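Listed below, chain by chain, are the residues.
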Amino acid sequence: MRAAGWMTMAMAALAAPQALAADAPSQASLDRLANTLGYRLTMVDNGPVCPAGIEGCFLSTITLTLPEALPADVPTKGLSLYFSFVNRLPLVESDIFTHRLVNGDVQQLTLKPGVTLRPGAKHEIRLWGVGSNFSKAFGMPNAYLVADGLKPRTIAATRAVIDPETGLEILTFVAPMTDEAKLATKSDADKTRWLTAKRAFDLQAGRLAPEAKGVVILPKPAKAVQGKGTVDLSRGLAVSLTGVDRSAVGPALASLGAKEGGTLPLTIRIDPAAVAKAEGYILDAKPSGIAITAHDAAGASHALRSLAQQAAFEREKLTSLRVEDAPEYGFRGLHIDLGRNFHSRDEILKIVEAMAAYKLNKLHLHLAEDEGWRIEIPALPELAEIGSKRCHDPSEQTCILPQLGAGPEGTSGVNGYLTAADYVAIVKAAAARQIEVIPSIDMPGHSRAAIKAMEVRHARLTAAGKKAEADQYRLIDPADTTEYRSIQNYSDNTLNVCLPATYRFVDTVVDALAAMHSEAGAPLKTFHLGADETAGAWIKSPACKAMIAENGGDAGKLTPRFIERVTASLAAKGLRTGGWSDGMGHTETANMPKAPHLVQTNIWGVLHTGAIREAHDQMNRGWDAVLSIPDLGYFDMPYAPHPDEGGYDWASRGVDPYQVFGFMPDNLPANAATIRNIRAEGKAIEDKPVLQAGHRVAGLQGQLWSETIRTDAQVDYMLFPRLLALAERAWAPAPWTPAYQAGASYEWGDKRVDAAKLKAGWQDFAGRTAAQFPMLEKIGVAYRVAPPGARIASGKLEANSMFPGTVIEYRVEGGAWTRYAGPVAVGGPVDVRSRSADGKRASRTVRVGPAR
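A short note on the sheet that holds strand 13 (residues 237-242)
- The sheet built from six strands is open, its strands ordered 12-17-15-16-14-13 with mixed pairing. Because the sheet does not close on itself, it has two edges, and the strands there are strand 12 (223-232) and strand 13. Strand-to-strand twist of the sheet, defined as the mean angle between neighbouring strand axes without regard to direction, takes the value 15°.
- As judged from the six bridges shared by strand 15 (residues 281-286) and strand 16 (residues 289-294), these two strands associate in the antiparallel manner. If you follow isoleucine 282 over to strand 16, its bridge partner there is threonine 293.

The following block contains the structure:
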């Protein structure tokens, strides 16, 4: 799920001049200070000479500018500044502030005794972090001031704003990152270079695709042939169904946009004998009528979606068409993290429709994390009431800490949860589109929100004299003195796996989710328990003494025992267990279900550092292995290595649609021929252990983790169009894939991977993707508009695009935006940008200068 490599930013604590009226704290004065305090976050160097005792450091600074009109009565008692910074901070240098880690990424700066701050003064705080900061996206918003007896106030300069041109959130307090030599890499060994406009032009020049003609269906069908004659959907449809309920194909029918009660026959028939493969279909569209024969309801829906795409492209009058098609993999999924930052029911419902449009069939909803619990569990109301809200309450009795720049108020959009009714509505909508919802509650690590919520429950019931009831769902051993830090820097985020209350809690949550699925008419099939990144907890827990002894004194074996016990409990309920590969891999096969299909493992090792080992090992166990490899499908990673592209980058500096499209699921080592490692080096990957005959991946899943994704528009931007590339690869085979040979490894550019087929495949896909943009806009998806590639050669601006037909605009210094129609003479640097198909949104603006 998530390896370290984070960052956020912010500030400091203040006091007033000597004339302070410390005995008369003023809310108005604190408010004025928060509204006028200047704040600038600057990424200075990713490869500096580190202070003694710190390895692998980077340097950032925060510059605070005090207002000239500094309030005379600024409260000083308890005055502090809280901020989020995800990387560990072993050293904070300031002559006026002291630093304290609160927990996780929440930091506190406090004024040193005797310091007087002057109106108009500037103060620089040097932040020495561990790791790197390659993007402006690591800056976190909503730093805030706190003083005794007063309400906390967000520093206005640190609030995010929405760019009216792109529709995306921007952090204006983060300084531009322009020094590539200091900021693009950590060492000379790293070959990563920013994807500037000129480099993008050169990259795209070798991949340029023509605009689509003929069949534009995505994912690409196994067989599609156009004939003679025109099928006119404007006549309206006369629908006839055999073997399938209208409810099972209703949304797909609606996607056609054609009225019913018309004269064009549309017959839909379920016939597994005629179409042998699950989810397969035959679509035969002629002027006289449209006939769909499908293996099952899913196949019928897929046929209608294919018809809808082609009809939209041909404006309701489509050329006669016959399609025979079925998916390559049974698992074609999307994971959305609601835990770190919440995203609305309406956003999820929109994504469900987009998933169905491109034949994805598994929605993995990540409903709980350290930073938030996002689903109502009626028997345990504190989970949603407390665990879904982040605000400034150090006691955490009304909310949990404001991690990830949530701010102190508890009212920002990153807070919230799905009510039971919301969740039922999502499951219903998904089921009507042949999509299975897989709920995920990460445990035993990543559980801080649940732990804190259950501590509030425990305190409430204990105060009411109900000690036994209070203990029923207490998830910690209060006598545990173990000290640990999770990867995300928490000291208290792990369920105690030795307590009966923990297993009672799991059962209660799973039963509640199962009841919601039952109400939706779509029984729960799979429960995903996470099981990854568990910190070194429990070592000194009295409750775990016996269990540790039973495992040879090795506390590290307690997590596998927990996974095995929960898996057995789920199997007894008729449920499959899902988990992330690092945790699942430590279980003992003998202790897991005898029927391996009851185990789903999501392979999330990075391609060059563990994916093959995890994938082959766990496929060889007979488990359903779903490729969730970051290089393939972590859509919270940036599209390209550039400081203005958002997302974390611990696993990859860039995951663009081309890389996703080109992935070869059936020969993992072969991907070394097309995908470089994290340092942009072409390296072979050892095929160890080898994949035993008879095993194959169950499918592919895209992931959107949400640490830096705070708005629904950002969700759309990060998912699309990359998700279309994943849908293509999960449905149709990659013809450039060499046959898997046990033990074979591949070099960068290895000729056994057919580069000509890959290029031709990409050009075809890029044309079909561009044809889908109007459909995405109709659904309401604000997909990413990629900035153009551009160069100035011989005094002329030349520009190109990733996808054909994209409108490009340019602007000479001080001039108006002009549509680019071909090479044009310019003088000096030029700004360029792209526009969405409907013209309503722009890409980020990039600048190109004359060649030097």
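Details of the environment of lysine 428
- With respect to the element layout, lysine 428 can be found in helix 8 (residues 420-431).
- Among the residues examined, lysine 428 registers a relative accessible area of 44% and is labelled partly exposed.
- Residues lysine 428 and serine 518, 90 residues apart in the sequence, show an inter-C-alpha distance of 10.0 Å.

Thoughts on the confidence of the model for the protein chain
- For the protein chain, the mean per-residue pLDDT works out to 95, and 97% of the residues sit at or above 70.
- A low-confidence stretch, residues 1-23 (pLDDT under 50), is modelled with 135 contacts involving residues beyond four sequence positions or located in other chains.

Some words on the environment of arginine 345
- Along the chain, arginine 345 falls in helix 6 (residues 345-357).
- On the basis of relative accessibility, which here comes to 31%, the residue arginine 345 falls in the partly exposed class.
- Put simply, arginine 345 and leucine 418 are 73 residues apart on the chain and 6.9 Å apart in space, counted from C-alpha to C-alpha.
- Not counting residues up to four positions away in its chain, the partners in contact with arginine 345 are Leu418, Asp422, Ala425 and Ile426.

A look at the packing of helix 8 against helix 11 (residues 500-520)
- It is the contact of helix 8 with helix 11, at a shortest axis distance of 8 Å, that shows an interaxial angle of 55°. The angle between helix 8 and helix 11 places the two elements in the oblique class. Relative to helix 11, the crossing made by helix 8 is right-handed. Contacts between helix 8 and helix 11 involve Ala420, Tyr423, Val424, Val427 and Lys428 on the former and, on the latter, Leu513, Met516, His517, Glu519 and Ala520.

Description of the packing of aromatic side chains
- Applying the stated criterion to the full structure yields 19 aromatic pairs.
- Taken together, the ring pairs connect Tyr658, Phe661, Trp736, Trp762, Phe765, Phe773, Tyr783 and Phe803 into an aromatic cluster.
- The cationic tip of arginine 833 hangs over the ring face of tryptophan 817; the distance from NZ or CZ to the ring centre is 4.0 Å.

With respect to helix 19 (residues 722-731)
- In terms of burial, helix 19 is largely enclosed, as 10 of its 10 residues are buried.
- Every buried residue of helix 19 is listed here: Arg722, Leu723, Leu724, Ala725, Leu726, Ala727, Glu728, Arg729, Ala730 and Trp731.

Some words on the packing of helix 11 against helix 13 (residues 558-572)
- Between helix 11 and helix 13, the shortest axis-to-axis distance is 11 Å and the interhelical angle comes to 40°. With respect to their mutual orientation, helix 11 and helix 13 come out oblique. Taken as a pair, helix 11 and helix 13 cross one another with a handedness that is right-handed. Between helix 11, through Thr502, Tyr503, Val506, Asp507 and Val510, and helix 13, the contact on the second element is made entirely by Phe562, Arg565, Val566, Ser569 and Leu570.

Comments concerning helix 18 (residues 712-719)
- By the criterion of burial, helix 18 is predominantly enclosed, with six of the eight residues buried.
- Contact partners of the buried residues in helix 18: strand 11 (169-170), strand 18 (331-337), helix 6, strand 26 (699-704) and helix 19.

Re the side chain of threonine 61
- Here threonine 61 shows up in strand 2 (residues 57-65).
- Threonine 61 gets classed as buried once you look at its relative accessible area, which sits at 6%.
- Apart from residues no more than four positions distant in its own chain, threonine 61 is found in contact with Arg40, Leu41, Thr42, Val44, Glu124, Ile125 and Arg126.

Brief notes about the sheet that holds strand 9 (residues 153-154)
- With antiparallel pairing, the five strands of this open sheet are ordered in space as 5-6-3-8-9. Of all the strands in the sheet, the pair left with one neighbour each is strand 5 (97-103) and strand 9.
- With six bridges joining them, strand 5 and strand 6 (residues 106-111) adopt antiparallel strand pairing. Bridging across to strand 6, asparagine 103 finds its partner in valine 106.

Quick word on the state of the cysteines
- Tallied over the full model, the rule gives three disulfides.
- Here cysteine 50 engages in a disulfide with cysteine 57; their sulfurs sit 2.1 Å apart. The chirality of the disulfide connecting cysteine 50 with cysteine 57 is left-handed, given an S-S dihedral of about -100°.
- Assessed through its relative accessible area of 1%, cysteine 57 is described here as buried.
- Between cysteine 391 and cysteine 399 runs a disulfide, and the two sulfur atoms are separated by 1.8 Å. Judged by the sign of its S-S torsion, about -80°, the bond between cysteine 391 and cysteine 399 is left-handed.

Re the pattern of salt bridges
- Applying the stated criterion across every chain yields a total of 56 salt bridges.
- The closest approach of N and O atoms between aspartate 284 and lysine 286, which form a salt bridge, is 3.8 Å.
- Residue class for lysine 286 comes out partly exposed when judged on its relative accessible area of 43%.
- The partner of glutamate 798 in a salt bridge is arginine 791, and the shortest N-O contact between them spans 2.9 Å.
- Judged by its relative accessible area of 27%, arginine 791 is partly exposed.

Concerning unusual backbone geometry
- The omega angle of the peptide bond from leucine 218 to proline 219 is 0°, so this bond is cis rather than trans.
- Take proline 219: it is sitting in the loop between helix 3 (197-205) and strand 12.
- A cis amide bond, omega 0°, links methionine 443 with the succeeding residue proline 444.
- Mapped onto the elements, proline 444 comes out in the loop between strand 21 (436-443) and helix 9 (448-463).
- Located in the positive-phi region is leucine 404, a residue other than glycine, with phi close to 60°.
- Note that leucine 404 resides in the loop between helix 7 (382-387) and helix 8.
- Non-glycine residue alanine 680 carries a positive phi angle of around 60°.
- The partly exposed category is assigned to alanine 680, whose relative accessible area is 23%.

Definitions and limits used
Residues numbered from 1 in each chain as written. Predicted model: local features only at pLDDT ≥ 70, side-chain atom pairs only at ≥ 80, totals over all residues. Heavy atoms only, no water. Pairing = 2+ DSSP bridges. Helix = DSSP H or I, 4+ residues; strand = E, 2+ residues; numbered from the N terminus. Axes fitted to C-alpha atoms, helices over the stretch in contact; angles between N-to-C directions. Buried < 20%, exposed > 50% of the residue type's maximum accessible area, 1.4 Å probe, protein only. pLDDT = per-residue confidence, 0-100. Contact = heavy atoms within 4.5 Å. Parallel < 35°, antiparallel > 145°, perpendicular 65-115°, else oblique. Left-handed = near helix turned anticlockwise from the far one by under 90°. Phe/Tyr/Trp six-rings, centres within 6.5 Å; stacked < 30°, edge-to-face > 60°. Lys NZ or Arg CZ within 6 Å of the ring centre and 35° of its normal. Disulfide = S-S within 2.5 Å. Salt bridge = Lys/Arg side-chain N within 4 Å of Asp/Glu carboxyl O.

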